[in-house]
Amino acid sequence: MAAVILGLSFLALFSFGVQAGRQGGGGARSSGSIVTGKVYAFEKIAEGVYYSTSSSLMATGGNHTIIVGDHDVFLVDAGATPAAGRALLEDMKLITDKPVRWVVNTHFHWDHTNANSIFGPEVQIIGQEYVRHAIADLDIIHREPFKSALANMPVQVDALKKQIADEKDSAKRAALEKQLAAKQADWEEFKTLKPTPPTMTYQLKMTMYQGQREIQLLFLGRGHTQGDTIVYLPKERIVCSGDMMETQPAYMGDAMFDEWIKTLDAIKELDFATDLPGHGVPFHDKSLITAYQSYLKDFMSQVAELRKQGLSAEETAQKIDLTSHSGDFPQIKGPGAEVRGVRRMYEWMDERSR
């Protein structure tokens, strides 16, 4: 049962996300123009800047920012699988006929990088130095977070097969059969993944230009992982924060907790009016970042206290109560936290005590 719960919680990464609490404030707004393809929808945020999301049954991974220049396209994150990456490129033909020439991996996690392999030598894949190291050297398809995603696939397939066998309503059974077909296709994709590291790296800052548009790639500090890139468009006042700042509680299995809070301060110092996160929805109010810092501090404090009481990471993950933050993050429905984040917090505490 625990494996099923873990798998279902991770599936939230592939949804549109839920509108987070405080989304007001001044600044740029999208045009409201949305173009929908077979798998992806593209919301126009500014001239030549689109935010891509998917509600498909396919495991597509994080959201994408697509920056269209005079001659080519700059893409934020590659996608969860080669199939997802190819579907994105196909649907992008609805908004541009220009080729993708640049892809930035905001961090190394599988749902943002496993489609790197579909791009040929004419495309430069960019990442902070740690991202290349992680993908090239750390055997990421045999470690978290991909390890659990792969392990849960047969559990989810079997659960769907049982539901189909037990379902008497023909329409509901047909819907379940579609889910099963998509899940099985994802599973086949997962079995053939070839981790592909960036072809170009930077340490602290890299600036690129599409004609008059300036695109800054910034490493503002460790947090969600040890190598998160923030994409900043100063003229448009747009930030792409990857999973460093989402509109939902992020995966914490690779977190550097105290540094995460400081890095979020550095993001708030940027002059932006719109944040396009790796998961969730666009937001405009920096107070949401402050709210997430409060969430992280509360998480850290409660985990430390429960560990002091002698609880295991698994016990702490069940007992921790972060429901006081549900006004800002309505995905929090009750007590408990994702166990891999709690395990990482225990590791982090040990690292800090050495």
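A few points on the structure. Predicted model, so just to flag it, every value in this text is computed and none were measured. (Residues numbered from 1 in each chain as written. Predicted model: local features only at pLDDT ≥ 70, side-chain atom pairs only at ≥ 80, totals over all residues. Heavy atoms only, no water.)

**Brief notes about empty space enclosed by the protein**
Here's step 1: Tallied over the full model, the rule gives three cavities of 30 Å³ or more.
Here's step 2: Looking at the largest cavity, its volume works out to about 60 Å³.
Here's step 3: Forming the boundary of the largest cavity are 13 residues, of which Asn63, Val76, Leu276, Pro277 and Gly278 lie nearest the centre.
Here's step 4: Elements represented by at least two residues in the lining of the largest cavity include exactly β4 (64–68), β12 (238–242) and β13 (274–277).
Here's step 5: When its residues are assigned to classes, the lining of the largest cavity shows five nonpolar, seven polar and one charged. (1 Å grid on protein atoms, 1.4 Å probe; cavity = no way out; pocket = protein on both sides within 12 Å on 5 of 7 lines; lining within 4 Å. Points joined across faces, edges and corners; volume = space filled by probe spheres on them. Helix = DSSP H or I, 4+ residues; strand = E, 2+ residues; numbered from the N terminus. Nonpolar A, V, L, I, M, F, W, Y, C, P; charged D, E, K, R; others polar.)

**Topic: the nonpolar core**
Here's step 1: Membership of the largest hydrophobic core comes to 39 residues, with the highest contact counts inside it found for Met252, Trp260, Leu264, Tyr292 and Phe299.
Here's step 2: Considering every element that reaches this core, the biggest residue donor is helix α8 (residues 287–308), with 10 residues.
Here's step 3: Those residues in contact with Tyr292, other than ones at most four positions away along the chain, are Met244, Met245, Pro249, Ala250, Met252, Trp260, Leu264 and Phe329.
Here's step 4: One finds Val39, Ile95, Val100 and Ala115 within the second-largest nonpolar core, a separate group that totals 20 residues. (Core = buried A, V, L, I, M, F, W, Y, C linked by side-chain atoms within 4.5 Å. Buried < 20%, exposed > 50% of the residue type's maximum accessible area, 1.4 Å probe, protein only. Contact = heavy atoms within 4.5 Å.)

**Notes on the sheet that holds β13**
Here's step 1: One open sheet holds the five strands; their spatial order is β9-β10-β11-β12-β13, and the pairing between them is mixed. The open sheet has two edge strands with one neighbour each: β9 (205–210) and β13. Each adjacent strand pair in this sheet contributes to an overall mean axis angle of 20 degrees, direction not counted.
Here's step 2: Bridging between β9 and strand β10 (residues 213–218) involves six bridges; their strand directions are antiparallel. (Pairing = 2+ DSSP bridges. Axes fitted to C-alpha atoms, helices over the stretch in contact; angles between N-to-C directions.)

**Section: helix α10 (residues 339–353)**
Here's step 1: For α10, built from 15 residues, the straight-helix expectation of 21 Å at 1.5 Å per residue is met to within 8% by its first-to-last C-alpha distance of 21 Å.
Here's step 2: When we look at burial in α10, the residues that qualify are Val339, Arg340, Gly341, Val342, Arg344, Met345, Tyr346 and Trp348. (Expected span 1.5 Å × (residues − 1).)

Shape is all these values report; function is a separate question.
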